Amino acid sequence: MFDPVRLLLLRELADRGTMTAVAAACGYTSSAVSQQLTVLEREAGVPLLERVGRRVRLTHEGRRLVAHARIVLAALETAERDLRAADTPRGPIDVACFSTFAAVHVVPALVTARERYPDLQLSLRELEPPEALSALRARRCEVAVYYSYNLTPTPTPDELTVHPLVVEPVFLALPADHACASAMHRSGVDLRHLTDAPWIVGSREDGSAALVRRACAVAGFSPRIAHAVDDYQLVLRMVARGLGVALVPQLVAHAHDPSPDIALRPVANTDLTRAIYAMTHSSLGARPPVDAVLDLLRPLRDPDRPELDEDDGSGQD
């Protein structure tokens, strides 16, 4: 009888094309993937792979086995869902999530889950969105929390289901003594006033760095990137010390409680938002534990946390 894990690796090779891609997606080394597929080939008794240059490709028999593997793996997933389906959510659910959303929303969800669903073992894996997506694809978690900025949207993978959680505004973070932090700019700051300002962005080109470049391009200039920092607490500390300006999602202010030396202002003439959503495998369907976790992750409006306090001169959340 074929090992389901080896069938899974063969299916992933058919979908991803290279041993390296399969290894990255499934948490193996390339050599381990190769060894497992060699064992599968020996078990099958027919050649499943053939070498073409420095790469391998599936033989006719390999493609036939992949077709069977898809049926077998789908049946196993259906069996797992059937056994775990119950009126009361139960069993392990791993959530992969970035730190700011985890601090504000996942931690309370963990506490509530412990009290409301004693048979549900909810675990947090702190991962940035690209790593969370990889973990979800490799079945190392059941829920991945992701985000996308409206000016730099991210396409949704076809094999995943998207569950919207919240859309939050993105603010401009300035030193409190900056000219654009004055009361006259409370309704919004035109980024053209910051053509010479040093900017603090994240290290990922597809994250806040892309957002800053796009927002400044809309305003008609190219930003001067001074620092690449991924820790928002460090970003806010640098802004407070006058080392630069940054674009900061509202959730960051809630999670890190910026100092009085920072002013948060909307960006004028451009609507900047960040959509946060959870992703699950489409094959999970309406699995009760996953549905319960998604409900816990959907944030409720906190009346004690206004988006911008109109009476606060610092402009903080």
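(A) Seen up close, the overall build of the protein chain. Scanning the protein chain for helices and strands turns up 10 helices and 11 strands. Buried residues in the protein chain amount to 45% of all 317 residues. Across the protein chain, contacts joining residues at least 24 apart in sequence account for 75% of those joining residues at least 6 apart. As displayed, the protein chain offers around 16000 Å² of accessible surface, 51% of which is attributable to carbon and sulfur atoms.

(B) Structural context of the nonpolar core. The biggest cluster of nonpolar side chains holds 64 residues, and the ones touching the most others in it are Phe-101, Leu-172, Trp-199, Leu-247 and Leu-297. Residues contacting Leu-297, with those up to four places away along its chain left out, are Val-95, Phe-101, His-105, Val-106, Ala-109, Val-143, Val-145 and Leu-165. Counting 18 residues, the second-largest nonpolar core is a separate cluster that includes Leu-13, Met-19, Ala-23 and Leu-58.

(C) Seen up close, helix α3 (residues 30–44). The terminal C-alpha atoms of α3 lie 21 Å apart, and with 15 residues this matches the ideal 21 Å at 1.5 Å per residue to within 8%. Of all the residues in α3, the buried ones are Ala-32, Val-33, Leu-37 and Leu-40. One side of α3 holds all its buried residues, which, seen down the axis, span an arc of 130 degrees. In α3, the exposed residues that point more than 90 degrees away from the buried face are Gln-35 and Arg-42. Once α3 ends, the next one or two residues include Gly-45, with phi positive near 80 degrees.

(D) Structural view of the packing of helix α2 (residues 19–26) against α3. For the pair α2 and α3, the least separation of the axes is 8 Å and the interaxial angle reads 105 degrees. In this view, α2 runs roughly perpendicular relative to α3, as classed from their interaxial angle. Judged by residue contacts, Met-19, Thr-20, Val-22 and Ala-23 of α2 engage Ser-30, Val-33, Ser-34 and Leu-37 from α3. Residues belonging to the contact of α2 with α3 are distributed by class as follows: five nonpolar, three polar and no charged.

(E) Expanded view of the environment of Ala-217. Tracing the backbone through its elements, the reader meets Ala-217 in helix α7 (residues 208–219). Separated by 25 residues in sequence, Ala-217 and Arg-192 have C-alpha atoms that sit 10.0 Å apart.

(F) Up close: the environment of Val-170. Position of Val-170 among the secondary structure elements: in strand β6 (residues 160–175). Under the relative-accessibility criterion, Val-170 is labelled buried at 3%. Beyond its immediate sequence surroundings of up to four residues, Val-170 is in contact with Tyr-149, Leu-211, Leu-247, Val-248, Pro-249, Leu-272, Thr-273 and Arg-274.

(G) Highlighting the packing of aromatic side chains. Applying the stated rule across the entire model yields four aromatic pairs. Taken together, a centroid distance of 5.0 Å and an interplanar angle of 80 degrees make the contact between Phe-98 and Tyr-147 edge-to-face. On the criterion of sequence distance, the pair formed by Phe-98 in the loop between β3 (91–97) and α5 (99–116) and Tyr-147 in strand β5 (residues 143–149) is long-range, its members being 49 residues apart. One cation-aromatic arrangement involves Arg-274 over Tyr-147; the distance from NZ or CZ to the ring centre is 4.6 Å.

(H) Seen up close, the pattern of salt bridges. Within the structure shown, the criterion is met by 12 salt bridges. A salt bridge links Arg-11 to Glu-12; the nearest nitrogen and oxygen atoms lie 3.1 Å apart. With a relative accessible area of 6%, Glu-12 lands in the buried category. A salt bridge links Asp-94 to Arg-125; the nearest nitrogen and oxygen atoms lie 3.4 Å apart. Highlighted residues: Asp-94 in strand β3 and Arg-125 in strand β4 (residues 120–126), separated in sequence by 31 residues. Residues joined by salt bridges that share partners form a network here, namely Arg-11, Glu-12 and Arg-16.

What counts, and at which threshold
Residues numbered from 1 in each chain as written. Predicted model: local features only at pLDDT ≥ 70, side-chain atom pairs only at ≥ 80, totals over all residues. Heavy atoms only, no water. Helix = DSSP H or I, 4+ residues; strand = E, 2+ residues; numbered from the N terminus. Buried < 20%, exposed > 50% of the residue type's maximum accessible area, 1.4 Å probe, protein only. Contact = heavy atoms within 4.5 Å. Areas by Shrake-Rupley, 256 points an atom, 1.4 Å probe, with all protein chains shown as cover. Core = buried A, V, L, I, M, F, W, Y, C linked by side-chain atoms within 4.5 Å. Expected span 1.5 Å × (residues − 1). Arc of directions from axis to C-beta. Axes fitted to C-alpha atoms, helices over the stretch in contact; angles between N-to-C directions. Parallel < 35°, antiparallel > 145°, perpendicular 65-115°, else oblique. Nonpolar A, V, L, I, M, F, W, Y, C, P; charged D, E, K, R; others polar. Phe/Tyr/Trp six-rings, centres within 6.5 Å; stacked < 30°, edge-to-face > 60°. Lys NZ or Arg CZ within 6 Å of the ring centre and 35° of its normal. Salt bridge = Lys/Arg side-chain N within 4 Å of Asp/Glu carboxyl O.

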